[in-house]
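Secondary and tertiary structure notes
Each chain, written out:
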Amino acid sequence: MGTVVDDAAAAEFHAFFERHYAELARLARLLTGEPDAADDLAADALLALWHRWDRVRAADHPVAYARGVVANLARTRVRTAVRERRRVALFWSQREERTENPDVAGVVDVQEALRRLPFRKRACVVLRHAFDLSERDTALALGVSVGTVKSQTSKAVAELQRLLGTRAAPRAPRQVHAAIARSGGAAGGTR
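Small disclaimer: the values here were computed from a predicted structure and weren't measured. (Residues numbered from 1 in each chain as written. Predicted model: local features only at pLDDT ≥ 70, side-chain atom pairs only at ≥ 80, totals over all residues. Heavy atoms only, no water.)

**So, the overall build of the chain**
Counting secondary structure elements, the chain contains nine helices and zero strands. Each helix and strand of the chain, placed in order from N terminus to C terminus, yields the pattern α-α-α-α-α-α-α-α-α. As displayed, the chain has an accessible area near 12,200 Å², and 53% of this comes from carbon and sulfur atoms. (Helix = DSSP H or I, 4+ residues; strand = E, 2+ residues; numbered from the N terminus. Areas by Shrake-Rupley, 256 points an atom, 1.4 Å probe, with all protein chains shown as cover.)

**Describing the environment of alanine 81**
Here alanine 81 is to be found in helix H4 (residues 62-94). Take alanine 81: its relative accessible area is 22%, and that puts it in the partly exposed class. Residues alanine 81 and threonine 32 lie 49 residues apart in sequence; the distance between their C-alpha atoms is 9.8 Å. (Buried < 20%, exposed > 50% of the residue type's maximum accessible area, 1.4 Å probe, protein only.)

**Here we look at helix H8 (residues 146-165)**
Here H8 contains 20 residues, and its C-alpha end-to-end distance of 28 Å stays within 8% of the 28 Å for a straight helix at 1.5 Å per residue. Every buried residue of H8 is listed here: Val149, Gln152, Thr153, Ala156, Val157, Leu160, Leu163, Leu164 and Gly165. (Expected span 1.5 Å × (residues − 1).)

**What to know about the pattern of salt bridges**
A side chain with one charge can pair with a side chain of the opposite charge if their charged atoms come near. A complete count under the given rule lists seven salt bridges for this structure. When the shortest N-O distance is used, the salt bridge between arginine 57 and aspartate 54 registers 3.7 Å. In this pair, arginine 57 and aspartate 54 both sit in helix H3 (residues 53-58), three residues apart, roughly one turn of the helix. Given a relative accessible area of 60%, aspartate 54 falls into the exposed group. Residue aspartate 137 is joined to arginine 136 by a salt bridge in which the shortest nitrogen-to-oxygen separation is 3.9 Å. Classification of aspartate 137 as partly exposed rests on a relative accessible area of 34%. Members of the salt-bridge network, linked through shared partners, are Glu12, Asp54 and Arg57. (Salt bridge = Lys/Arg side-chain N within 4 Å of Asp/Glu carboxyl O.)

**Section: a positive patch on the surface**
A cluster of basic residues, Arg75, Arg79, Arg83 and Arg86, forms a positive patch at the surface. Inspection of the secondary structure puts arginine 86 in helix H4. Since its relative accessible area comes to 59%, arginine 86 is described here as exposed. (Patch = residues over 30% accessible without salt bridge, like charges linked within 9 Å, V, L, I, M, F, W, Y side chains within 5 Å. Lys, Arg positive; Asp, Glu negative; His and termini not counted. Charge placed at Lys NZ, Arg CZ, Asp CG, Glu CD.)

**Notes on helix H2 (residues 35-51)**
In an α-helix, one turn spans 3.6 residues; hence positions three or four apart end up facing the same way. Counted at 1.5 Å a residue, the expected span for H2 with its 17 residues is 24 Å, and the 25 Å between its end C-alpha atoms agrees. Regarding H2, the residues found buried are Ala37, Ala38, Leu41, Ala42, Ala45, Leu46, Ala48 and Leu49.

**Focus on the confidence of the model for the chain**
Interpretation of this model should avoid reading the predicted coordinates in detail wherever pLDDT is low. Per-chain confidence: the chain averages 78 in pLDDT, with 75% of residues scoring 70 or above. Low confidence marks residues 166-172, where pLDDT is under 50. Its contacts with residues over four positions away, or in another chain, come to 11 contacts. (pLDDT = per-residue confidence, 0-100. Contact = heavy atoms within 4.5 Å.)

**Regarding the environment of alanine 141**
When you line up the elements, alanine 141 lands in helix H7 (residues 135-142). For alanine 141, a relative accessible area of 35% puts it in the partly exposed group. Residues alanine 141 and alanine 123 lie 18 residues apart in sequence; the distance between their C-alpha atoms is 9.6 Å.

**Regarding the packing of aromatic side chains**
Per the counting criterion, the structure on display carries four aromatic pairs. A centroid spacing of 5.1 Å and a plane angle of 80° characterise the contact between phenylalanine 13 and tryptophan 53, whose relative ring orientation is edge-to-face. On the criterion of sequence distance, the pair formed by phenylalanine 13 in helix H1 (residues 4-32) and tryptophan 53 in helix H3 is long-range, its members being 40 residues apart. When the centroid spacing of 5.1 Å and the interplanar angle of 20° are considered together, the rings of phenylalanine 17 and tyrosine 21 count as stacked. Here tyrosine 21 and phenylalanine 17 lie together in helix H1, a separation of four residues that amounts to about one turn. Taking relative accessible area as the criterion, phenylalanine 17 reaches 29% and is therefore assigned partly exposed. Looking at tyrosine 21, the relative accessible area reads 22%, which means it is partly exposed. An aromatic cluster is present here, built from Phe13, Phe16, Trp50 and Trp53 joined pairwise through their rings. (Phe/Tyr/Trp six-rings, centres within 6.5 Å; stacked < 30°, edge-to-face > 60°.)

This is the structure:
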């Protein structure tokens, strides 16, 4: 059970939320240009404010503090989106436009096998083999260690060999690499 001070702080925060949520969501929408993300950013900002509510409520301008939190979250979101667009543009600019005699069935098999891998394994094998990133660059992209990239890629390739081996698809790691590269690394959804 909360104390009187905790109840008072909760009521004060609730009133702050009610007064400023719409404004903070609007700010997030205008900063990011993403109406769908605005509510999430405003909610994330208010959650961060709640965790520091003692500090926020003691500030001279709590609303200015809240706006700063929204601006920082929006900046991070925009930077992430820009980096992602650059990665996608780099990938597509390096792809060959046409493939001679594409093995459509093989590509479909590889894509289905990729979908069956857990996300981290799928991400490692796609970044290493479809995007031709080094182990270090893959580790940086995923925020994991190089050792994790090595083990997850190795396990993913073995799993792909097992999954594809029953369909007379590529069996050797080099063939799996080529099949993934041909498929464009498209792993479908992000299950």
